[in-house]
Amino acid sequence: MALEDLQHNFLTGRIEDLARWARRASVWPASFGLACCAIEMMATGGADFDLSRFGMEVFRNSPRQADLMIVAGRVSQKMAPVLRQVYDQMMEPKWVISMGVCASTGGLFNNYAIVQGVDQIVPVDVYAPGCPPSPETLMHAILTLHEQIRTGEIMKRRATDEPTHLDQTPESWTPEVPVAVRVGTPK
Amino acid sequence: MSDPTIRTAERIDLLAAETSEGAQELQFRRDTASGQLGREVGAVLRVDGRALDPHSVDFDRRDDETMIINMGPSHPSTHGVLRLMLELDGEFVLRTKPIIGYLHTGMEKTGEELSYVQGATNVTRMDYLSPVINELCYSMAVEKLLDIEVPDRAVWIRMLMSELNRISSHLVWMATNGMDLGASSMMIYGLREREMILAFFEKTAGLRMNLNYVRPGGVAADLPDGWQDDALVICDTILARTYEYDDLLTGQPIFRNRMVGVAPMTAEEALALSVTGPLLRSTGVPWDLRRSMPYLAYDEVEFDVIVGTYGDNFDRYAIRLNEIRESIRIVRQCIDMMPGGDYRSQDPKVTPPPRARIGESMEALIHHFKLFTEGFHVPAGEVYSAVESPRGELGCYIVADGGPKPYRLHVRGPSFVNLQAVSLLMRGGSMSDTITVISTIDPIMGEVDR
Amino acid sequence: MAPPGVVVSEGLAADLCCFPSREQYFALIESFRDDAFEMCVDVCAVDYLDYPDRWLPEGVVATRFEVVTNLLSLSKKLRVRVRVQAGDDRPEVASLFTLYPGTEAMEREAFDLLGVLFTDHPDLTRILMPEDWEGHPLRKDYGVGKVPVQFKEAPGPR
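The sections below set out a description of the structure shown in this document. (Residues numbered from 1 in each chain as written. Chains lettered and ligands numbered in written order. Predicted model: local features only at pLDDT ≥ 70, side-chain atom pairs only at ≥ 80, totals over all residues. Heavy atoms only, no water.)

What about the overall build of chain C?
Under the convention used in this document: Where helices and strands are cited, they refer to DSSP runs of H or I of at least four residues and of E of at least two residues respectively, numbered from the N terminus. Each residue's exposure class comes from its accessible area (1.4 Å probe, protein chains only) as a fraction of the maximum for that residue type: buried when under 20%, exposed when over 50%, partly exposed otherwise. What makes two residues a contact is simply this: any of their non-hydrogen atoms within 4.5 Å. Computed with the Shrake-Rupley method and a 1.4 Å probe, the accessible areas treat only the protein chains shown as cover for residues.
A count of helical and extended segments in chain C gives two helices and seven strands. Going residue by residue from the N terminus, the α and β elements of chain C occur as β-β-α-β-β-β-β-α-β. The proportion of buried residues among the 158 residues of chain C is 58%. Sequence separation of 24 or more characterises 56% of the internal contacts of chain C that already satisfy a separation of 6 or more. Accessible surface, chain C as shown: approximately 6800 Å² in total, 53% of it carbon and sulfur.

Put into structure tokens, the structure is as follows:
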């Protein structure tokens, strides 16, 4: 059958492009506010910066409904297992933005209480610098993530990446159930 | 799976064990000592009596009648990472225990590592809704130790910025409180008005939050040209908008039903629990450090201390709304009465030489370098300074050993202390009231955990 | 104002400081409470391990740990600071919980971060650190826990 026999206009394309396009335009963040950055994250969702332009104003309180975790603020040793558990509860595909220097590297607080970079606990896609990042910086990070989603590999599953924080690599690594994450008392 | 450290579907207990905090959590009644049980049901010792009030504690519940549930630390309405454990009888709350520390940042330890010059960078990140007031408290403590005078203009700039900060903090509170109660438009309005103040901060200090603007000896920079016009626009707009909030919330029946008469507290209970700020004032105690123990130049400006009557949620809401209006009054007086002169102390011990002199004078360059690498030495001693933050008495206790760094830095966060009232306020309320109670206590977790 | 036997001195900025012994501590606070000091604003502890030669008035023997209590009188508009020497190896003072219930969390914090024990505290558990944490981080012999920052793949000179 030739295309000219069809009666309506239509577009052809690859299913991957369609899936990427749809995913990119409806990334729902989980509201995982921790510290100062959470206030700026709220401001980004507010009237002046209007995150709904990118289809992202729906901050989901349940991790089951969220695609993106914005780690907004410093992650303490006590919070680390909770953070990992919330990440585990999110459905694939999922992405992580590390917002602010404290989440990215520990920042000013290079001490016993703060996890020096949230990438020790969950895989991070985009790091947003700043203390706290202004809403423009966060939106830039989000747009960078959108670009990654639009051009990225759609079948890639994040949980297959082995965590980098373990002292010893477990022999059999089951993708969906990661290892205990409490970092413990620094010696 | 033989390795016990690996979490699998079979080892689901590891998942729970990982986030468990053991003895910090709410235990069954049979495992709880009576003193602690009394605390968890919200019994507060009266100032005049020694024993627990027996009528306010129901000890004779059995564990199989009740249910213990967990709320947080990642919960939309706990304002950050507060975690609560509640014992419920059906829909009603019997016992509550807050579990905190999920944002413990070790700021007091870091504060001992940073010099007095750098210290303001650290404390400003504690209460992230009122950074200026944190810096102010810290700077006042350091200035007391150094025994230096701050010029008039710096005092008034500090007052102007503190009050603007108080407005923005209360606006965020109005926004989040509205969101918790389902009034989502309040959320958008509150954050929209706050942006005006943040724009003023950005113009003055260069940052939107965590300004590091108030420093020992004065402030970091003078106010920008034309600041009076900006500040007047802020005052006029926000004052007009507060009346819109009245229309939106104050008279609205759903809002009133969830706020009026819910979670009352008496003045004795508030004093016994060391509660300060709007929570204390809502019970009818007119205690505002700005009026009672004036600092800066608060004794030269006119404002009213807003006091409630019943100590319920609605009083706390009304106090915060009216404090916005009072702060606007103070800002207007700051605009009129702003004196000229230096914006920081000219004492060469704490103040670096002006930028222009560094280029031409070697001594000035060395002085500047020494001040920002080593910092200034502060005479030995210990000092406690307190200011009125939007949440209550913010105190800073510094022990100095004569070196350039504090020997011990302790901050008395008002939210940390106010949070103890949570068991009292929630007792007997329904599950949905917990949301309004947490919201009206207004805990800022950065300050609770420090 | 203070009962006999308690050392009183003027602190900075005209704050009144009292230096009771551990035995006098509870009775002193109680007398202050009966003397219209309605609120206990703050309880914190200080570890003087690296600073043993600090100034103290005559008759007060310095120990490693010191508990500092700030009281506030709303009716008199007055503050008073009580500094009690809490001991060296096993610092312990009386809990103020029965006098001021609001000190519960502050004393737990002092216990958690500095390891000061409070006798008769209803629930002396950790409050800020995780339950399985070892040590008390604000002690001076406890390291800051700094992780050295390394720039592995720093860009070369441009």
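Some remarks on the side chain of glutamate 108 of chain B
Which entries qualify depends on this criterion: Under the rule applied, a polar contact is a pair of N or O atoms within 3.5 Å (in protein, one hydrogen donor and one hydrogen acceptor; residues adjacent in sequence only if both atoms are side-chain atoms).
Structurally, glutamate 108 of chain B can be placed in helix α3 (residues 107–113). For glutamate 108 of chain B, a relative accessible area of 4% translates into the label buried. A distance of 3.1 Å separates polar atoms of two side chains, one belonging to glutamate 108 of chain B and the other to arginine 450 of chain B. The residues contacting glutamate 108 of chain B, other than those within four sequence positions of it, are Arg408, Leu409, His410, Val411 and Arg450 of chain B together with Glu109, Leu113 and Leu138 of chain C.

Focus: the interface of chain B and chain C
For the record, the criterion: We count a salt bridge whenever a side-chain nitrogen from Lys or Arg sits within 4 Å of a carboxyl oxygen from Asp or Glu. In this count, Pro and Cys sit with the nonpolar residues alongside Ala, Val, Leu, Ile, Met, Phe, Trp and Tyr, while Asp, Glu, Lys and Arg are called charged and the others, Gly among them, polar.
At the interface, 53 residues of chain B touch 62 residues of chain C. In this assembly, chain B and chain C are joined by six salt bridges. When the shortest N-O distance is used, the salt bridge between glutamate 393 of chain B and arginine 79 of chain C registers 3.0 Å. Applying the counting criterion to the chain B and chain C interface returns 23 residue pairs in polar contact (both at pLDDT 80 or more). For the side of chain B that touches chain C, the residue count by class is 26 nonpolar, eleven polar and 16 charged.

A word on the interface of chain B and chain A
The condition is simple: Note on terms: buried area is the combined drop in 1.4 Å-probe accessible area of two parts once they are placed together, counting the loss on both.
Listed by partner, the interface residues are 49 residues for chain B and 44 residues for chain A. For the pair chain B and chain A, the two sides together bury roughly 3700 Å², of which 62% comes from carbon and sulfur. Here chain B is connected to chain A by one salt bridge. With a shortest N-O distance of 2.7 Å, glutamate 40 of chain A and arginine 208 of chain B are connected by a salt bridge. The interface formed by chain B and chain A includes ten residue pairs in polar contact (both at pLDDT 80 or more). Breaking the side of chain B that touches chain A down by element, the ones donating at least two residues are α1 (12–19), α3, α4 (116–123), α6 (152–180) and α7 (184–205) of chain B. Here the element with the most residues in the side of chain B that touches chain A is α7 of chain B; it accounts for seven residues.

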